[in-house]
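# Observations on the three-dimensional arrangement
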Amino acid sequence: MATSKKEEITLAIAGVGGQGTLLASQIIGHAAVKQGFSVRISETFGMSQRGGPVVSHIRIAKNVYSPLIPLMTAELILGFEPLEALRAATRFLARGGSVIVNTRTIYPVEVNRGDMKYPPLEKMLEALKSIAGEVVTLDATSLAIKAGNPISANIVMLGALAALEKLPFKPEDLREAVRERVPREVETNLRAFDLGFQTIKEQIGK
Amino acid sequence: MSRAVLLEDAPGKKVLLLGNEAFARGALEANVQVAAAYPGTPSSEIMETLASVAEAAGIYAEWSVNEKVAFEVAYAAAVAGLRSMCSMKHVGVNVASDAIMVANYAGVEAGMVIISADDPFGHSSQNEQDNRMFAKFSELPCLEPATPQEAKDSVVIGCELSEKCKLPVIIRSLTRLSHVRGDVELGPLPKEKRKPNLNRDITYTGFPAPDHHKLLHDRLASIMEDLEKVPFNKIEAKGGEKIGIIASGIGYNYAKEAIKLLNLKEDDVAVLKLGVPHPLPRRLVSNFLKSYGTIYVVEDGFPFVEEQLKVLCYDLGIHPTILGKLSGHLPMEGEIDPEKVTLGLAKILGIDYKPPEVKVPGDLELPRRTLSLCAGCAHLATFYAIKQAVRREMKGDPRKVSIVCGDIGCYGLGLFRPYNMFNTHICMGASIGCANGFAHTGIDQPIIAYLGESTFFHAGMPPLLNAVYNGANIKVIVQDNLTTAMTGHQPNPGVGLTAMGKQAPRMLVEDIAKAFKVPFVKVVDPYNVNELIETIREAIRTPGPAVIVARRMCAELARRQARRKGIQIIPPKIDKEKCTGCKYCITQLLCPALIWREDEKKADIDPLLCAGCGVCAQICPQKAISGGSGIGNL
């Protein structure tokens, strides 16, 4: 769409069950609906969550249809874990799109047992760079601890997402959605959001 | 989604709702006053949401012990003049079907909807059944909403249609609707509650069957005109397009996506969005069928609409080419997605389209991340104990010298590698049912049924009674984790709490087993692994049915409780001098917190995952693991 102001986005959140991807996608969706957009978010629930890979498909536009993202059409991958970021980017990232990676690794059971190898982080980032136009990284877990609670890593990731300014609404709108949708530890979560935001802003030098 | 949003009387306001939350909101807007359900993915959040606001909304909501009871609860309310709803996963409707197949003859007075959440691909299910077939089987009307907005509206429309024709209405949801969030415009909430108004001159029954069967047919016929006008039906056509797509339910979303992906113009393809798959709105569909030489049918599940269209064309004496699942333009198995629907459309139009090839860049080999039971999960300890007890008692490989019948719950994962626990895994309660059968085959080995307490209350009690009555020598292990864990920790009769948070008498599995006169009943803490192993061995040696209740709170719940109580989780220590790197703990207990350090060739414990249950320390052959605390101290 050849408009100067962004009017839609397709993105995916990739992570491991239990990392708080559901809440993160809800907050993005809430902000989008408040700004008058139509939204579809498809998520992984239930048994498939037990330690498995989870991907939230998020589509924001004037009119949206499929709740599933067609292959290689996501403009952005918000990766809560490096291996899952690469797995999801391989399937869904529009080549040349953006990837945000939380560098904190979570080993699959197969790796923990010594049955399979976890690829080196640098190799995975290299692979991501070969298909993405932009790859930014942060240690969201450490930043969340700095903000006051390691559980807030998902909110750090939202701050990072806001910093790339690819959403069709303002970073403040997403920050406000955090305030509205996370009832507990509001200050900690807003700090977490700001830390993610600043870290990525510094990295991209804007 | 907050409670406040669900109760807000703000017509026109747009909010983000999960499909299942939208169904719950729809129930409130439709003036549903009695709702019942049994949890099952992907349906559970409907009742979770509704129950959380039921008291404030002045309505009644319950987790029933199974789907049949849930249906009957809702049915009776609708007979008594109150609008009602029951919700369940697709296979739950099988359980409820005995009642549905007569309630359709007997009819209702107030509006009643049955929400069936289907699960094509079986993301969290053991089959891919399409419950639109149940609509045909029971001859009931069926709505198929496509979006969270329509999910909400379908309950209101469904209740109105139901009340008009005096038949329950089936609403078919699926994973990609129940678990999809979207913008939903709220409608008004009703101002007044109804009072029950049971007509005592009528007995609600199927007898005599032919008369009531005819009543069903007349009632269905009475709303045919209304079904034509259901707003989920929509034609997007100007006339003269090359082909027509008939897309049922969520198939519409993918059809629109396919048109976009192939860069087709709007006037290349006409679309009939169908929201009533049964009975078909005949006039609407006939007119569309007559306008196009080629029809592409897009639907998730069975070729349900496709087959009906072929019958309809025969009646109309027309012969358009009808393509879809039966012609191989869409697969018969699995769930449809944008690529599959696009591929079928491209093939029909002769467009060269290949879905992009998914290949990991840099030729990296990405390790799988298979599902696993949680660190500290008591199922892990009990799985281990069963294998050990059989190995020690029968002196052989447990897979060869025993039969273990599995059931439905988190422990269903026991069916996969690396657990490899089960010989059978069929449906709710079938662990005990199948064990009954194995016991009468003459196979002279321990026959073990394994299930959770919620599953036991749901469908495990009749087969246990059967085992005592018919003398089946089976060993039933009920893992009581004090919650319905897999579907998101709903309460059940063993918890002593209701859906609306009220106290209830707590049912204990051992009390029921004793009342059933099971001769061997014991309760063990699975975190005492040796005691559990010895109890299972004793049960194996004792002829006749046995029930062992292994009671330990779900590790995820326990973690939350520990956090609230300020109990710190301290992982046990592995003495690296004593650890020989035998990997026994890792390969036998299969706890995800136990990890392998390739550099030092020793086992280790992931401090972030460990819940401090203390089981690994008990099983290490070298006694190299010690200390630690956490959920094991609750």
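Residues numbered from 1 in each chain as written. Chains lettered and ligands numbered in written order. Predicted model: local features only at pLDDT ≥ 70, side-chain atom pairs only at ≥ 80, totals over all residues.

## Topic: the overall build of chain A
The following threshold applies: Counting from the N terminus, the helices are DSSP H or I runs at least four residues long and the strands are E runs at least two residues long. The globule rule used for comparison is 2.2 Å times the number of residues to the exponent 0.38, while the radius of gyration itself is calculated over C-alpha atoms. Three exposure classes are used. Buried residues have 20 or more other C-beta atoms within 10 Å of their own C-beta, exposed residues have 12 or fewer, and partly exposed residues fall in between, all C-beta atoms being placed from the backbone.
Secondary structure summary: chain A contains eight helices and six strands in total. Reading chain A from its N end, one meets helices and strands in the order β-α-β-β-β-α-β-α-α-β-α-α-α-α. Here the C-alpha radius of gyration of chain A, 16 Å, is about what a compact globule of 206 residues would show, namely 17 Å. Reported as C-alpha extents along the three principal axes, the dimensions of chain A are approximately 50 × 40 × 35 Å. The buried share of chain A, reckoned over its 206 residues, is 60%.

## Things to note about the environment of Thr 103 of chain A
All names here are of chain A. Heads up, the rule is: The contact criterion used is a C-beta to C-beta distance within 7 Å, with each C-beta placed from the backbone.
Examined against the element boundaries, Thr 103 turns out to sit in the loop between β5 (93-102) and α3 (109-112). On the neighbour-count criterion, Thr 103 (17 C-beta atoms within 10 Å) is partly exposed. Residues Thr 103 and Ala 140 lie 37 residues apart in sequence; the distance between their C-alpha atoms is 7.5 Å. Residues contacting Thr 103, with those up to four places away along its chain left out, are Pro 82, Leu 121, Thr 137, Leu 138 and Asp 139.

## Some remarks on unusual backbone geometry
Across the junction of Phe 207 of chain B and Pro 208 of chain B, the peptide omega takes the value -15 degrees, indicating a cis bond. Of note, Pro 208 of chain B is situated in the loop between β8 (180-185) and α9 (209-221). Cis geometry is found at the peptide bond from Arg 417 of chain B to Pro 418 of chain B, where omega equals -5 degrees. In this fold, Pro 418 of chain B is placed in the loop between β14 (403-405) and α17 (430-439). Even without glycine at this site, Glu 165 of chain A takes up a positive phi of about 50 degrees. Phi angles above zero are rare outside glycine, and Lys 517 of chain B is one such case at about 65 degrees. For Lys 517 of chain B, the location among the structural elements is in the loop between α19 (509-515) and β17 (520-524). The class of Lys 517 of chain B is exposed, set by 11 C-beta atoms lying within 10 Å.

## Overview of the domain arrangement of chain B
Residue and element names in this part refer to chain B. Applicable threshold: In this document the domain limits rely on a domain assignment from an automatic tool or a database. Any residue outside Ala, Val, Leu, Ile, Met, Phe, Trp, Tyr, Cys, Pro, Asp, Glu, Lys and Arg is labelled polar, Gly included; the first ten of those are nonpolar and the last four are charged.
Domain parsing of chain B yields domain 1 (3-227), domain 2 (233-349), domain 3 (378-552) and domain 4 (561-634). Centre-to-centre, using C-alpha coordinates, domain 1 lies 33 Å away from domain 3. Opposite the 17 residues of domain 1 that make contact, domain 3 presents 14 residues. If you list the elements that add at least two residues to the side of domain 1 that touches domain 3, you get α3 (44-57) and β3 (60-63). A per-class count over the side of domain 1 that touches domain 3 returns nine nonpolar, five polar and three charged.

## Re the nonpolar core
What counts here: By convention in this section, buried Ala, Val, Leu, Ile, Met, Phe, Trp, Tyr and Cys residues joined through C-beta atoms within 7 Å make up a nonpolar core.
One finds Ala 12, Ile 77, Ala 89, Leu 128 and Met 157 of chain A together with Ala 35 and Ala 74 of chain B to be the most contacted residues of the largest nonpolar core, which totals 187 residues. The biggest single contributor to this core is helix α6 (residues 153-164) of chain A, with ten residues. Looking at which domains feed residues into this core, each of domain 1 (3-227) and domain 2 (233-349) of chain B supplies at least three. Formed by 89 residues, the second largest nonpolar core is a distinct cluster that contains Cys 374, Ala 435, Cys 610 and Cys 620 of chain B.

## A word on the interface of chain A and chain B
Quick reminder of the rule: Pairing between two strands requires that DSSP report at least two bridges joining them.
Counting residues at the interface gives 48 residues for chain A and 46 residues for chain B. Elements that contribute at least two residues to the side of chain A that touches chain B include exactly α1 (21-34), β2 (38-42), α2 (82-92), α3 and α4 (121-131) of chain A. A total of six residues in the side of chain A that touches chain B trace back to one element, the largest contributor, which is α4 of chain A. Its residues assigned to classes, the side of chain A that touches chain B shows 24 nonpolar, 14 polar and ten charged. One ladder, built from three bridges, connects β2 of chain A with β8 of chain B; its direction is antiparallel. If you follow Ile 41 of chain A over to β8 of chain B, its bridge partner there is Arg 181 of chain B.

## Considering the pairing of strand β15 (residues 447-452) of chain B
Residue and element names in this part refer to chain B. Applied cut-off: Crossover handedness is defined here as right-handed if the route from the first strand over the helix to the second strand goes clockwise, with the strands pointing away from the viewer.
The element β15 is largely enclosed, with a buried count of six among its six residues. Alternating positions in β15 separate into two faces, Ile 447, Ala 449 and Leu 451 on one and Ile 448, Tyr 450 and Gly 452 on the other, with burial throughout. Taken together, the three bridges between β14 and β15 define a ladder with parallel strand orientation. When the bridges of β15 are listed, Val 404 appears paired with Ile 448. Once the chain exits β14 it traverses α17 before rejoining the sheet at β15, and the crossover so formed is right-handed.

## Comments concerning the packing of helix α5 (residues 90-106) of chain B against α9 of chain B
Residue and element names in this part refer to chain B. Defined as follows: Helix axes use the C-alpha atoms of the stretch in contact, all axes being lines fitted to C-alpha atoms, and the angles between their N-to-C directions lie in the range 0 to 180 degrees. The cut-offs work like this: below 35 degrees is roughly parallel, past 145 is roughly antiparallel, 65 to 115 is roughly perpendicular, and the gaps in between are oblique.
Where α5 contacts α9, the two axes come as close as 7 Å, and the packing angle between them is 75 degrees. If you check the angle between α5 and α9, you find them roughly perpendicular. Contact residues: Asn 104, Tyr 105 and Ala 106 in α5; His 212, His 213, Leu 215 and Leu 216 in α9. When grouped by side-chain class, the residues that make up the contact of α5 with α9 number four nonpolar, three polar and no charged.

## Side note on the environment of Leu 465 of chain B
Tracing the sequence through the fold places Leu 465 of chain B in helix α18 (residues 453-470). The partly exposed category is assigned to Leu 465 of chain B, around which 18 C-beta atoms lie within 10 Å.

## Topic: the packing of α17 of chain B against α18 of chain B
Residues and elements named next belong to chain B. What counts, and what does not: Take the far helix as the reference: if the near one is turned anticlockwise from it by less than a right angle, the crossing is left-handed, and if turned clockwise, right-handed.
Packing of α17 against α18 leaves a shortest axis separation of 8 Å and a crossing angle of 20 degrees. In terms of orientation, α17 lies roughly parallel with respect to α18. Where α17 crosses over α18, the handedness of that crossing is left-handed. Residues Ile 432, Gly 433 and Asn 436 of α17 pack against Gly 460, Pro 463, Leu 464, Asn 466 and Ala 467 of α18. When its residues are assigned to classes, the contact of α17 with α18 shows four nonpolar, four polar and no charged.

## Some details on α4 of chain A
Residue and element names in this part refer to chain A. We apply this condition: This arc describes the spread of directions from the helix axis toward the C-beta atoms.
Among the residues of α4, Met 124, Ala 127, Leu 128 and Ile 131 are the ones counted as buried. Buried residues along α4 cover an arc of 100 degrees about the axis, so they all sit on one side. Among the exposed residues of α4, those oriented more than 90 degrees off its buried face are Glu 122 and Ser 130.

## Let's talk about the sheet that holds strand β12 (residues 294-298) of chain B
All names here are of chain B. Reading across from one edge, β9-β11-β10-β12-β13 is the order of the five strands in this open sheet, with mixed pairing throughout. This sheet does not close on itself; its edge strands, each paired only once, are β9 (234-236) and β13 (321-323). Shown here is a sheet whose adjacent strand axes are inclined to one another by a mean of 20 degrees, direction ignored. The strands touched by helix α13 (residues 304-316) within the sheet are β10 (243-248), β11 (269-274), β12 and β13, with β12 carrying the most contacts at an inclination of about 150 degrees. Relative to β12, helix α14 (residues 338-349) is tilted by about 170 degrees, and along the sheet it contacts β10, β12 and β13.

## Section: the pairing of strand β5 (residues 112-118) of chain B
Residue and element names in this part refer to chain B. The buried count for β5 comes to seven of seven residues, which makes it a mostly enclosed element. What you see with β5 is no split at all: Met 112, Ile 114, Ser 116 and Asp 118 on one side and Val 113, Ile 115 and Ala 117 on the other are buried throughout. Taken together, the six bridges between strand β4 (residues 84-89) and β5 define a ladder with parallel strand orientation. When the bridges of β5 are listed, Ser 84 appears paired with Met 112. Relative to strand β7 (residues 169-174), β5 runs parallel, the two being bridged by six bridges. Pairing of Asp 118 across the sheet is with Leu 174, part of β7.

## A few points about the sheet that holds β4 of chain B
Residue and element names in this part refer to chain B. Spatial strand order, β3-β2-β4-β5-β7-β6: six strands in an open sheet with parallel pairing. Only two strands of the sheet have a single neighbouring strand rather than two, namely β3 and β6 (142-143). The strands touched by α3 within the sheet are β2 (34-37), β3, β4 and β5, with β3 carrying the most contacts at an inclination of about 135 degrees. Docked against the sheet, α5 engages β4 and β5, running at close to 120 degrees with respect to β4.

## Quick notes on helix α4 (residues 67-79) of chain B
Residues and elements named next belong to chain B. Inclusion rule: Between the first and last residue of a helix there are one fewer steps than residues, each counted as 1.5 Å, and that sum is the expected span.
The end-to-end C-alpha separation of α4 is 18 Å, in line with the 18 Å expected for 13 residues at 1.5 Å each. Inspection of α4 places Glu 67, Lys 68, Ala 70, Phe 71, Ala 74, Tyr 75, Ala 77, Ala 78 and Val 79 among the buried residues, and these make up the whole buried set. On its buried face, α4 sits against β2, β4, α5 and β5. Among the residues trailing α4, Gly 81 stands out with phi positive, at a value near 100 degrees.

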